[in-house]
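# Structural overview
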Amino acid sequence: MEENKSGDGIRLNKYIAQCGICSRRDADKLIDEKRITVNGVVAEQGIKVFEGDRVLFDGKEVSPCQEHVVIAYNKPVGVVCTEKDEHAERTIIDDLKYDKRVTYAGRLDKDSEGLMILTDDGDLIQAMMKGRNGHEKEYVVRVDHKLTDKFLKELEKGVYLPELEVKTRPCKTDKISDDCFKIILTQGLNRQIRRMCDAFGYKVIQLKRVRVMNIKLEGLEHSEYRIIEGNELTELYRLAGLK
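Here we summarise the structure given alongside this text. (Residues numbered from 1 in each chain as written. Predicted model: local features only at pLDDT ≥ 70, side-chain atom pairs only at ≥ 80, totals over all residues. Heavy atoms only, no water.)

Evaluated as defined, the whole model comprises 17 salt bridges. Linking Asp-120 and Lys-100 is a salt bridge whose minimum nitrogen-to-oxygen distance equals 3.0 Å. One end of the pair, Asp-120, is in the loop between β9 (113-119) and α4 (122-129); the other, Lys-100, is in the loop between α3 (92-96) and β8 (103-104), with 20 residues separating them in the sequence. Residue Asp-120 is classed as buried on the basis of its relative accessible area, which comes to 0%. A single salt-bridge network, built from bridges that share partners, covers Glu-136, Glu-138, Lys-182 and Arg-211. (Salt bridge = Lys/Arg side-chain N within 4 Å of Asp/Glu carboxyl O. Helix = DSSP H or I, 4+ residues; strand = E, 2+ residues; numbered from the N terminus. Buried < 20%, exposed > 50% of the residue type's maximum accessible area, 1.4 Å probe, protein only.)

Here we come to helix α2 (residues 24-32). Regarding α2, the residues found buried are Ala-27, Leu-30 and Ile-31. Seen from one end, α2 has its buried residues packed into an arc of 100°, which puts them on one side. Residues of α2 that are exposed and angled more than 90 degrees away from the buried face: Arg-25 and Asp-32. Its buried side turned inward, α2 meets α1 (12-18), β2 (36-38) and β5 (55-57). (Arc of directions from axis to C-beta. Contact = heavy atoms within 4.5 Å.)

Evaluated as defined, the whole model comprises zero disulfides. There is no disulfide at Cys-197, and the cysteine sulfur nearest it, in Cys-171, is 9.7 Å away. The class of Cys-197 is buried, set by a relative accessible area of 1%. (Disulfide = S-S within 2.5 Å.)

Moving on, we get to the pairing of strand β13 (residues 172-177). For β13 and strand β14 (residues 180-185), the ladder comprises five bridges, and the chain directions are antiparallel. Residue Asp-174 lies in a different strand from β14, and its bridge partner there is Lys-182. Taking the residues between adjacent antiparallel strands as the criterion, β13 and β14 are bridged by two residues. (Pairing = 2+ DSSP bridges.)

Here it is, written out as structure tokens:
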């Protein structure tokens, strides 16, 4: 790219996110994988995109979205959170069948189900994914044997996970039945709830996310989605710290 272009320009990873392809962090991975070109040249980390530049992702031109869409989707067990995986029977994009490119703000593993938020607004994804923002996510968890009050209290205090070398943040729990409880987290470590339960000898046999911030799962069957609109959308952006 030319050095003397007018205007401030924006960093390439932010530009890619604004195109609804992925988050800024994942955009950096695409750049490292040499899947992005700018004006016919393979892009490098840190460059800026200016008005008139031509940006291609896997050989296809991309541009920022003018009007964004935000979707609530109920992911079934067995669906993989990835756009492309030759080993996956069903990916989230295949299952969603939406006619516009969107990506997800926060994963669920293959064995988990429930609410996911998908959008083409890279700034919203970035805001929702920042761990320090402490956005709430609520889950219903079923385990393989009877719950104890001590177990739930230990979860609430935070659990040291040696494989990740981190202690989880304090959280909230609520017992539903002898083997089922709700938990509200403000972080999203890899397989966090399963690891937390494993630490006390409990195996998770069902894990469903039922809320992300102010967005609730209720009313959606497996593989169904709805467009988030109106006051609900306004509140989501407010909680994310965006206008």
